[in-house]
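Topology and contacts: notes
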Amino acid sequence: MRCVFVQFRCQPGKTYEVADAVYDREVVSELYSTSGEYDLIAKVYIPEDEDVGQFLTKALFDIPGISRTLTTMTFRAF
């Protein structure tokens with residue numbers, strides 16, 4: 001499994017709706033609200049044989065209320 005972090009910027013007033021929808025999809029291992037440019041951050045484990053972009057697009061990026069995302073790939077845990 002590959003670990004990636006996905007940050008979500010939500011449309012004004014939609015953060016809780018987006019968070020509920022992300023959680024309901026059951027593809028994230030952790031989901032947090034954050035301060036700064038993005039409203040939420042999710043830790044996602046993606047199977048090695050899956051394309052990261054396609055997986056995330058199908059699993060999460062069609063949720064209404066998301067205005068922007070930022071995906072960070074990881075390489076090694078310390």
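Throughout what follows, the structure given in this document is the object of discussion. Predicted model only: the values in this text are computed from it and were never measured.

Cut-offs used in this document
Residues numbered from 1 in each chain as written. Predicted model: local features only at pLDDT ≥ 70, side-chain atom pairs only at ≥ 80, totals over all residues. Heavy atoms only, no water. Helix = DSSP H or I, 4+ residues; strand = E, 2+ residues; numbered from the N terminus. Rg over C-alpha atoms; globule rule 2.2 N^0.38 Å. Buried < 20%, exposed > 50% of the residue type's maximum accessible area, 1.4 Å probe, protein only. Contact = heavy atoms within 4.5 Å. Areas by Shrake-Rupley, 256 points an atom, 1.4 Å probe, with all protein chains shown as cover. Pairing = 2+ DSSP bridges. Salt bridge = Lys/Arg side-chain N within 4 Å of Asp/Glu carboxyl O. Core = buried A, V, L, I, M, F, W, Y, C linked by side-chain atoms within 4.5 Å. Phe/Tyr/Trp six-rings, centres within 6.5 Å; stacked < 30°, edge-to-face > 60°. Lys NZ or Arg CZ within 6 Å of the ring centre and 35° of its normal.

This paragraph deals with the overall build of the chain. Along its length, the chain carries two helices and four strands. Going residue by residue from the N terminus, the α and β elements of the chain occur as β-α-β-β-α-β. Its C-alpha atoms give the chain a radius of gyration of 12 Å, within 12% of the compact-globule value 12 Å for 78 residues. Taken along the three principal axes of its C-alpha coordinates, the chain extends 35 × 25 × 20 Å. Counting all 78 residues of the chain, 29% fall into the buried class. Taking the intrachain contacts of the chain between residues at least 6 apart in sequence as the baseline, contacts between residues at least 24 apart amount to 70%. Surface accessibility of the chain: about 5400 Å² in total, with carbon and sulfur atoms responsible for 51%.

What follows is about the pairing of strand E2 (residues 28–33). Here E2 pairs with strand E3 (residues 40–46) via five bridges, running antiparallel. Paired with Glu30 across the strands is Lys43, a residue of E3. Where E2 folds back onto E3 in an antiparallel hairpin, the turn is made up of six residues, including Gly36, whose phi is positive at roughly 105°.

For the rest of this paragraph, the subject is the pattern of salt bridges. In the structure shown here, the tally under the stated rule is five salt bridges. A salt bridge links Arg9 to Glu37; the shortest N-O distance between them is 3.3 Å. Taken together, the positions of Arg9 in strand E1 (residues 2–10) and Glu37 in the loop between E2 and E3 put the pair 28 residues apart, joining distant regions of the chain.

In this structure, Phe8, Val44, Leu56 and Leu60 are the most contacted members of the largest nonpolar core, which totals 19 residues. Those elements that place two or more of their residues in this core are E1, helix H1 (15–24), E3 and helix H2 (52–59). Not counting residues up to four positions away in its chain, the partners in contact with Leu60 are Phe8, Val22, Arg25, Val27, Val28, Val44 and Ile66.

Attention now moves to unusual backbone geometry. Phi angles above zero are rare outside glycine, and Glu26 is one such case at about 55°. Relative to the elements of secondary structure, Glu26 occurs in the loop between H1 and E2.

On to the packing of aromatic side chains. Summed over the entire model, instances satisfying the criterion amount to zero aromatic pairs. Lying over the aromatic face of Tyr38, Arg9 brings its terminal NZ or CZ to 4.8 Å of the ring centre.

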